[in-house]
Protein chains: 2
Amino acid sequence: MSEPNDRILGVLGGMGPLASAQFMLRLTLLTPASRDQDHIPAILWSDPRIPDRIAGRAGTGPDPLPWLLRGIDGLRQAGCAAIVIPCNTAHAWYPDMVAHSPLPILHIVDAAAADLDALHLDSRRIGVMGTVPTLQLRLYQDRLAALGWDCIQPTDDEMRRLILPAIAQVKVNRLAEAHPPLAEAVNLLAARGASAVVLGCTEIPLGILAGPSDALRVPVIDTIDSLARASIRWARPTAEG
Amino acid sequence: MSEPNDRILGVLGGMGPLASAQFMLRLTLLTPASRDQDHIPAILWSDPRIPDRIAGRAGTGPDPLPWLLRGIDGLRQAGCAAIVIPCNTAHAWYPDMVAHSPLPILHIVDAAAADLDALHLDSRRIGVMGTVPTLQLRLYQDRLAALGWDCIQPTDDEMRRLILPAIAQVKVNRLAEAHPPLAEAVNLLAARGASAVVLGCTEIPLGILAGPSDALRVPVIDTIDSLARASIRWARPTAEG
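Residues numbered from 1 in each chain as written. Chains lettered and ligands numbered in written order. Predicted model: local features only at pLDDT ≥ 70, side-chain atom pairs only at ≥ 80, totals over all residues. Heavy atoms only, no water.

Colleague: Where do I start with the sheet that holds strand β3 (residues 82-84) of chain A in this structure?
Modeller: The strands making up a sheet associate through backbone hydrogen bonding, with each pair oriented either parallel or antiparallel. Pairing in this open sheet of 8 strands is mixed, and the strands run β4(A)-β3(A)-β1(A)-β2(A)-β2(B)-β1(B)-β3(B)-β4(B) from one edge to the other. Bordering the open sheet on either side are β4 (105-106) of chain A together with β4 (105-106) of chain B, each of which pairs with just one other strand. Summarising the sheet, strand β2 (residues 42-46) of chain A and strand β2 (residues 42-46) of chain B pair through 5 bridges and their orientation is antiparallel. By the bridge assignment for β2 of chain B, Trp45 of chain A is matched with Ile43 of chain B. Helix-sheet contacts for helix α1 (residues 17-30) of chain B involve β2 of chain A together with β1 (9-13), β2 and β3 (82-84) of chain B, and the interaxial angle to β2 of chain B is about 170 degrees. (Pairing = 2+ DSSP bridges. Helix = DSSP H or I, 4+ residues; strand = E, 2+ residues; numbered from the N terminus. Contact = heavy atoms within 4.5 Å. Axes fitted to C-alpha atoms, helices over the stretch in contact; angles between N-to-C directions.)

This is the structure:
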């Protein structure tokens, strides 16, 4: 029943379930389509029972890797031809997952890098914002550095004073209150030379989008949207210029 | 790795993909949870290539039933223990799907009926709003009548003048403009004796929610939320009173 070029996207989600639901929404809204049948076939494996990634990485909780591999196997058996993972921290296990998976896994940092390229910035210096574990794991900084980007990040004081309280506000749905401190953090990175800022977590973009975009001195990149755009390019290579 | 009472929910979606993404969001937001691991394991089979349900039902397009059954088989093979379908029109094939599926399929109209029961209304007369095909197929009216509800629906004039233009506004994201005509249609049903109104499509709730709820003379039921609540009751029977 399927057509030759119809490839099913596998979404390894549930980390958390809201981020993967939001990814499915953005995948749909960003796909050029005039009817249901133009959209990308996708299977979302949303297993929130996957042990906490931060504790797992720190060695203080169970290892999530067997659960990640089981999800990949399930998506492959269901007929998927590639995998995306709308969770930053899970990418700490990217090498292990790639070693296990016969399917390609699109990396969320490569997706962000493609969006950075599309901005045609004058400078290679950019800012990265995220949770403490994402920044400590250097998921963005090292992979973006390998692609030629010079990454700067918020100071400890900015993390404590602006970003962590704003993330806490977003988690309790106080989006409007989260906007001013996040905008200030973006603008402080801009003042130190960042020509754009990558928002490497799922909460920060929700706070940034809750206020006026002209409050930001430089463009920002929502990595959930970046991953959705990378998925669309994978599914519809001919739709690109 | 799974625990005995952890049952995976199968979501047969993609009809359209935005409605199924919205269902995943609402399922997450309505689940009582304080951490990722408290949420319900779910697999979303989002195959938007499923032929148009309205044309299929009218006999003017290909039959979607083989695609629906393939999705059910895929969800079963992936380990799901029940199926929900966040699409009203697809329920026209409910008897065929039940005959094929070894897994229970939670019916969206039964989910709406559970929410009606929870309102403890004084009268059994309620209103049903939806697209023309949903109302013509009598998906809500007949099944709710069998459960003891007396359903009234908008007049042809109200459909043409209020509901269809509002649905068209929602489809192009003009939610604020859709609110007044939809509120008027709810209140006209209330004036004819409806003690509540079931919103049997995915667009109408978005327009209703875009304006003040005190503009409505009776409670309304969003059937995507009803289906999410039915899913939570299925997954967590012990969490109920």
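Colleague: What's the story with the relation of the copies chain A and chain B in this structure? I'm lost.
Modeller: Each of the two chain copies can be brought onto the other by rotation about an axis and movement along it. At an RMSD of 0.0 Å, chain A and chain B line up after a rotation of 180 degrees and a shift of 0.0 Å along the axis. On the angle and the small slide along the axis, the relation comes out as a two-fold axis. Across chain A, the smallest distance between a C-alpha and the rotation axis is recorded for Leu44 of chain A, namely 2.5 Å. When the interface residues of chain A are mapped onto chain B, 100% of them again lie at the interface, so the same face is used by both copies. (Least-squares fit on C-alpha atoms with pLDDT ≥ 70 in both.)

Colleague: Honestly, the environment of Arg26 of chain B in this entry has me stumped. Any pointers?
Modeller: Residue and element names in this part refer to chain B. Within the element layout of this structure, Arg26 appears in helix α1. Classification of Arg26 by relative accessible area gives partly exposed; the value is 23%. Through-space distance from the C-alpha of Arg26 to that of Asp225 is 6.4 Å; in sequence the pair is 199 residues apart. The residues contacting Arg26, other than those within four sequence positions of it, are Ile224, Asp225 and Ala228. (Buried < 20%, exposed > 50% of the residue type's maximum accessible area, 1.4 Å probe, protein only.)

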